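Breakdown of the fold
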Amino acid sequence: MAKRRVKSSVKKALFGFLVFVIFGIVILFFLYQLGLKPVAKTSNPIEFKVANGETYLTIAKKLKKQELINSELAYKIYVKIHKPTNIKAGTFSLNKNMGVKNLIDALNGENHSSDQVVKITFPEGKNMRQIAKIIANKTNNTEEDLFSLLKDQTYLKELVNKYWFLDESILNTKIYYSLEGYLFPDTYEFQNTNVTTKEIVETMLTHMGKKLEAYQSDIKSSSYSLHQMITLASIVELEASNSNERAGVAGVFYNRLTAGWPLGSDVTTYYASKVDLSERDLYQSELNDYNDYNTRSSKMAGKLPIGPICNPGLDSLIAAIEPTSHKYYYFVADKNKQTYFSKTDAEHVKTVEKLKKDGLWYEY
């Protein structure tokens, strides 16, 4: 009987030890997984330098010191298990929201080496929502990274002090997306996909400044602020059918402003409703809704939208700065992108009727 009790006690002890070991393994695995997670949820880019001769293991302390990883031990275990290769010397833009796997991918020469240049094209006439999608598709940033940056009033004030063409107009909280209209559309090259939203924004702003330099005297002598001219340029960008007619279209809108008329631009109504032109038709309630962007409203008589509705190209910017002087108040374009100008509503109606009769009326 004594032997049986001893054996039973041994079995219980072994079972208890086994449970303890399994529980310990589960805890260690949980801590390991926790150590691989991102240090932060939001974007927090950090410049990280890898010297010649350094390896994934030897940089562990630096990564921990710069708060790019949660656990030096978990990081080293991951490296020994997965055996990543091709780490290169250079300066990398890493981010606290990456986590160990993405961080190592960013340092890996096969995926995101410091020499892998990324080209990003921002077409003319894209609004900030569309730009955010382009950035998210081409880089390691999310759309929300850009939107969060555009809400950072402290950062925006820094930009106002840094760039001569920015003023406190961009700080207006009624504007949907600060810096809308100021990011010059073009093709840009960045070091790699780890480029930060700040770097992208400031590269585009710097380019905008260079494009506007030649027109500083015209800007200063105008009765309109540069913010207002860029706002008008953004409307012209989406309304004008071709570059040759943009100055004429700008002239129509300036004439309407001077006369105290609403601009009556549908593209502003789409933007006001946060609907892209190709997305769908607007509802009647959206057409009639008054806000600081919808220029179809009678309450917007003689007023420009509170801010730009897209990021215009150089031709539209020049058109808004140097519009054609004429006495037209209406314009319409046909399906061949020829623009027709009219002085009166009656003339405008006749032009539209003729275009429809001749099969030249443009339909979306």
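Up top is the structure.
Here goes a summary of the coordinates provided. (Residues numbered from 1 in each chain as written. Predicted model: local features only at pLDDT ≥ 70, side-chain atom pairs only at ≥ 80, totals over all residues. Heavy atoms only, no water.)

The next subject is the nonpolar core. Among the nonpolar cores identified, the biggest contains 66 residues, and Phe122, Phe165, Leu166, Leu179 and Leu205 are the most heavily contacted of them. Once residues within four sequence positions are removed from consideration, leucine 205 is found in contact with Leu159, Tyr163, Phe165, Leu166, Leu179, Tyr182 and Leu183. Of all hydrophobic cores here, the second largest spans 23 residues; its members include Phe48, Val50, Leu63 and Leu68. (Core = buried A, V, L, I, M, F, W, Y, C linked by side-chain atoms within 4.5 Å. Buried < 20%, exposed > 50% of the residue type's maximum accessible area, 1.4 Å probe, protein only. Contact = heavy atoms within 4.5 Å.)

Take the pattern of salt bridges next. Applying the stated criterion to the full structure yields eleven salt bridges. For lysine 76, the salt bridge goes to glutamate 72, with nearest N and O atoms at 3.6 Å. In this pair, lysine 76 and glutamate 72 are both assigned in helix H3 (residues 72-82), four residues apart and thus about one turn of the helix distant. According to the relative accessible area criterion, glutamate 72 is partly exposed, its value standing at 23%. A salt bridge links lysine 101 to aspartate 105; the nearest nitrogen and oxygen atoms lie 3.2 Å apart. Linking lysine 101 with aspartate 105, this pair stays in helix H4 (residues 99-107), spanning four residues, or about one helical turn. (Salt bridge = Lys/Arg side-chain N within 4 Å of Asp/Glu carboxyl O. Helix = DSSP H or I, 4+ residues; strand = E, 2+ residues; numbered from the N terminus.)

In this section: the packing of helix H7 (residues 143-150) against helix H9 (residues 197-212). With their axes 10 Å apart at the nearest point, H7 and H9 run at an angle of 65° to one another. The chirality of how H7 crosses H9 is right-handed. Taken together, the residues of H9 that come into contact with H7 (itself represented by Asp145, Leu146 and Leu149) are Thr197, Lys198 and Val201. For the contact of H7 with H9, the per-class residue count stands at three nonpolar, one polar and two charged. (Axes fitted to C-alpha atoms, helices over the stretch in contact; angles between N-to-C directions. Left-handed = near helix turned anticlockwise from the far one by under 90°. Nonpolar A, V, L, I, M, F, W, Y, C, P; charged D, E, K, R; others polar.)

So, about the pairing of strand S4 (residues 187-190). Along S4, the buried face is formed by Tyr188 and Phe190; none of Thr187 and Glu189, which line the opposite face, is buried. Examined bridge by bridge, strand S3 (residues 118-121) and S4 share four bridges and lie antiparallel to one another. Across the sheet, the residue bridging to lysine 119 is glutamate 189, located in S4. (Pairing = 2+ DSSP bridges.)

This paragraph deals with helix H11 (residues 226-239). For H11, spanning 14 residues, the distance from its first C-alpha to its last is 20 Å, which sits close to the expected 20 Å at 1.5 Å a residue. With eleven of 14 residues buried, H11 is to be regarded as a mostly interior element. When H11 is considered as a whole, its buried residues turn out to be Leu226, His227, Met229, Ile230, Thr231, Leu232, Ala233, Ser234, Ile235, Val236 and Glu237. (Expected span 1.5 Å × (residues − 1).)

Right, let's talk about unusual backbone geometry for a bit. For lysine 83, which is not glycine, the phi torsion reads 50° and is therefore positive. Following the sequence through the fold, lysine 83 ends up in the loop between H3 and strand S2 (90-95). Of note in this structure, lysine 274 is not a glycine but carries a positive phi near 55°. Relative to the assigned elements, lysine 274 resides in the loop between helix H13 (266-272) and helix H14 (284-288). Assessed through its relative accessible area of 42%, lysine 274 is described here as partly exposed.

You can see serine 297 is positioned in the loop between H14 and helix H15 (314-321). Between the C-alpha atom of serine 297 and that of alanine 333, which follows or precedes it by 36 residues, the distance is 23 Å. Dropping the residues within four chain positions of it, serine 297 is found in contact with Pro262 and Tyr290.

The next subject is helix H12 (residues 246-259). For H12, spanning 14 residues, the distance from its first C-alpha to its last is 20 Å, which sits close to the expected 20 Å at 1.5 Å a residue. H12 sits mainly inside the fold: twelve of its 14 residues count as buried. Considered for burial, the residues of H12 that qualify are Arg246, Ala247, Gly248, Val249, Ala250, Gly251, Val252, Phe253, Tyr254, Asn255, Arg256 and Leu257. Check the buried side of H12 and you find it contacts H11, H15, strand S5 (330-333) and strand S6 (339-342). With its phi angle positive at about 80°, glycine 260 sits one or two positions after the end of H12.

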